[in-house]
Amino acid sequence: MISFKHVSKSYTGTEKAVNDVNFEVEKGEIVIFLGPSGCGKTTLLRMVNRLETISEGSVLINGEDIGNLNEIELRRNIGYVIQSNGLFPNMDIEENVTIVPDLLGWDKKKKHNRYKELMQLIGLDPMEYRKRFPNELSGGQQQRIGVIRALAADPPVMLMDEPFGALDPLIREKIQDEFLQIQREVKKTILFVSHDIDEAIKMADKIVLMRDGEIMQYGTPSDILIHPKNEYVSQFIGRDRAIKHLSLRTIAQLQEEIGLVEIDQSIVDSKQVNIHENLKDTLAMLLNQEADQVIVHDDNDEVQGAITIDRVQRYLHLEMRQKPSQTVEKEKVME
Ligand SMILES: Nc1ncnc2c1ncn2[C@@H]1O[C@H](COP(=O)(O)OP(=O)(O)O)[C@@H](O)[C@H]1O
Ligand SMILES: [Mg+2]
């Protein structure tokens with residue numbers, strides 16, 4: 001749906017802020033631009049709604065070169081959320097949320113209904129907040145208003161530049177969860193800038209890992225964690241990549257691959273857990289010695305078996321050993 005073709009950007013001099021970037025984004029995906037400060041994430045993002053000009057190459061949305069589109073029309077179809085939420089201090093919350101619908105000439109009733117609907121999406125009482133001003137809200141609330149404002153005219157594409165970066169960790173995690181929940185309903189195509197690997201693993205369908213304006217690796221979080229393409233990628237994701245990977249896997253997946261173990265009735269210290277729990281949290285439970293075994297229930301509350309540290313380790317070794325090249329070789333042999 002969005003294609004980047006040999007996209008480069010030079011601001012001044014010879015150093016390129018973005019250098020020959022190529023990748024495709026599918027409709028309804030969250031793609032996260034990840035990398036250290038100054039690697040070109042914001043520049044790459046802002047070329048999509050033409051807040052920055054493209055020096056070389058092109059960006060296409062649904063096959064259409066954005067260079068050929070009317071700028072106003074283009075930005076109307078692309079929601080934009082930034083870290084410092086960008087709310088207008090002198091407008092009340094309802095006015096802030098409905099800015100774009102207002103520009104589009106929606107009538108009063110339609111705008112108000114949209115406002116109510118969006119506030120409900122983020123769990124804020126529409127009537128309580130409509131006449132308040134941004135500075136009367138907490139940082140987390142302001143950031144959520146920034147997100148629904150970008151969604152107001154229902155644009156198919158969203159650009160989000162470290163939208164939750166200024167929030168403290170607990171609120172941040174909550175808003176990430178809430179945002180993923182919203183995305184399940186609205187299914188936007190989202191380009192999202194982050195410098196936080198944990199945020200990227202949690203939120204992304206695909207990650208564009210960048211360094212000095214170039215893409216080091218483009219793939220799913222699992223891809224990047226299991227098969228880092230080069231030394232830079234390995235370094236960036238860190239030594240605990242195996243553990244990070246576990247956050248993407250559930251007990252159900254382990255059960256399918258290697259099965260659970262029998263419940264050891266002699267162990268007193270057991271905990272109960274749902275089969276859709278992720279393996280990182282399950283392992284944490286075991287390692288923190290909250291329990292020596294975890295008893296696994298399915299959604300009907302039927303006991304499926306147990307899981308132990310050994311079991312998680314075995315699964316992890318199996319997962320981390322798999323290499324795409326091995327699969328290819330196997331196929332060759334079979335021919
Ligand atoms: N308006 C600008 N003028 C000149 N150089 C810029 C401008 N904006 C960004 N840069 C430079 O481009 C590079 C990439 O910046 P940026 O896209 O903001 O990176 P990131 O978002 O990954 O931190 C940096 O070297 C930065 O100094
Ligand atoms: Mg930036």
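Reading guide: rules and limits
Residues numbered from 1 in each chain as written. Chains lettered and ligands numbered in written order. Predicted model: local features only at pLDDT ≥ 70, side-chain atom pairs only at ≥ 80, totals over all residues. Heavy atoms only, no water. UniProt positions renumbered as here; feature names shortened; annotations may be inferred. Core = buried A, V, L, I, M, F, W, Y, C linked by side-chain atoms within 4.5 Å. Buried < 20%, exposed > 50% of the residue type's maximum accessible area, 1.4 Å probe, protein only. Helix = DSSP H or I, 4+ residues; strand = E, 2+ residues; numbered from the N terminus. Domains from an automatic or database assignment. Salt bridge = Lys/Arg side-chain N within 4 Å of Asp/Glu carboxyl O. Polar contact = N/O pair within 3.5 Å; in protein donor to acceptor, adjacent residues only side chain to side chain. Nonpolar A, V, L, I, M, F, W, Y, C, P; charged D, E, K, R; others polar. Contact = heavy atoms within 4.5 Å. pLDDT = per-residue confidence, 0-100. 1 Å grid on protein atoms, 1.4 Å probe; cavity = no way out; pocket = protein on both sides within 12 Å on 5 of 7 lines; lining within 4 Å. Points joined across faces, edges and corners; volume = space filled by probe spheres on them. Axes fitted to C-alpha atoms, helices over the stretch in contact; angles between N-to-C directions. Parallel < 35°, antiparallel > 145°, perpendicular 65-115°, else oblique. Left-handed = near helix turned anticlockwise from the far one by under 90°.

The name given to the protein chain in an unreviewed UniProt entry is Quaternary amine transport ATP-binding protein, with the source organism recorded as Oceanobacillus sojae. In its Subcellular location (unreviewed entry) section, the UniProt entry covering the protein chain states "Cell inner membrane". Quoted verbatim from the Catalytic activity (unreviewed entry) field of UniProt, the annotation for the protein chain is "a quaternary ammonium(out) + ATP + H2O = a quaternary ammonium(in) + ADP + phosphate + H(+)".

The subject of this paragraph is the nonpolar core. Counting residues in each nonpolar core, the largest one holds 43 residues, and the members touching the most others are Met119, Ile145, Met160, Phe164, Phe179 and Phe192. Ranked by residues supplied to this core, first place goes to helix H7 (residues 139–151) with five residues. Membership of the second largest hydrophobic core comes to 26 residues, among which are Met1, Val21, Phe23 and Phe33.

So, about the domain arrangement of the protein chain. By domain assignment, the protein chain separates into domain 1 (2–245) and domain 2 (249–321). The gap between the C-alpha centroids of domain 1 and domain 2 is 35 Å. On the surface where domain 1 and domain 2 come into contact, there are zero salt bridges. Viewed at the interface, domain 2 and domain 1 are joined by one residue pair in polar contact (both at pLDDT 80 or more). Put simply, the parts of the chain that give the side of domain 1 that touches domain 2 at least two residues each are helix H10 (221–226) and helix H12 (241–246). With four residues, H12 is the single largest residue contributor to the side of domain 1 that touches domain 2. Broken down by class, the residue content of the side of domain 1 that touches domain 2 amounts to four nonpolar, two polar and one charged.

A word on the environment of arginine 75. With respect to the secondary-structure elements, arginine 75 resides in helix H2 (residues 71–76). Using a relative accessible area of 31% as the deciding quantity, one classes arginine 75 as partly exposed. Separated by 155 residues in sequence, arginine 75 and asparagine 230 have C-alpha atoms that sit 37 Å apart. Apart from the residues within four sequence positions on either side, arginine 75 is in contact with Asn49, Arg50 and Leu51.

Here the protein chain shows a mean pLDDT of 91. Residues at 70 or above account for 96%. Scored below 50 in pLDDT, residues 323–335 shows three contacts in the model against residues more than four places distant or in partner chains.

All chains considered together, the criterion is met by one cavity of 30 Å³ or more. The space that makes up the largest cavity amounts to roughly 30 Å³. Surrounding the largest cavity, Ile122, Arg144, Val147, Phe164, Ile175, Glu178, Phe179 and Ile182 form its lining. Only H7 and helix H8 (169–186) provide two or more residues apiece to the lining of the largest cavity.

All right, on to the packing of H7 against H8 then. Across the interface, H7 lies against H8 with an axial gap of 11 Å and an inter-helix angle of 20°. The orientation of H7 with respect to H8, classified from their angle, is roughly parallel. Crossing handedness for the pair H7 and H8: right-handed. Of the residues in H8, those touching H7 at Gly140, Arg144, Val147 and Leu151 are Ile171, Lys174, Ile175, Glu178, Phe179, Ile182 and Val186. Residue composition of the contact of H7 with H8, grouped by class: seven nonpolar, one polar and three charged.

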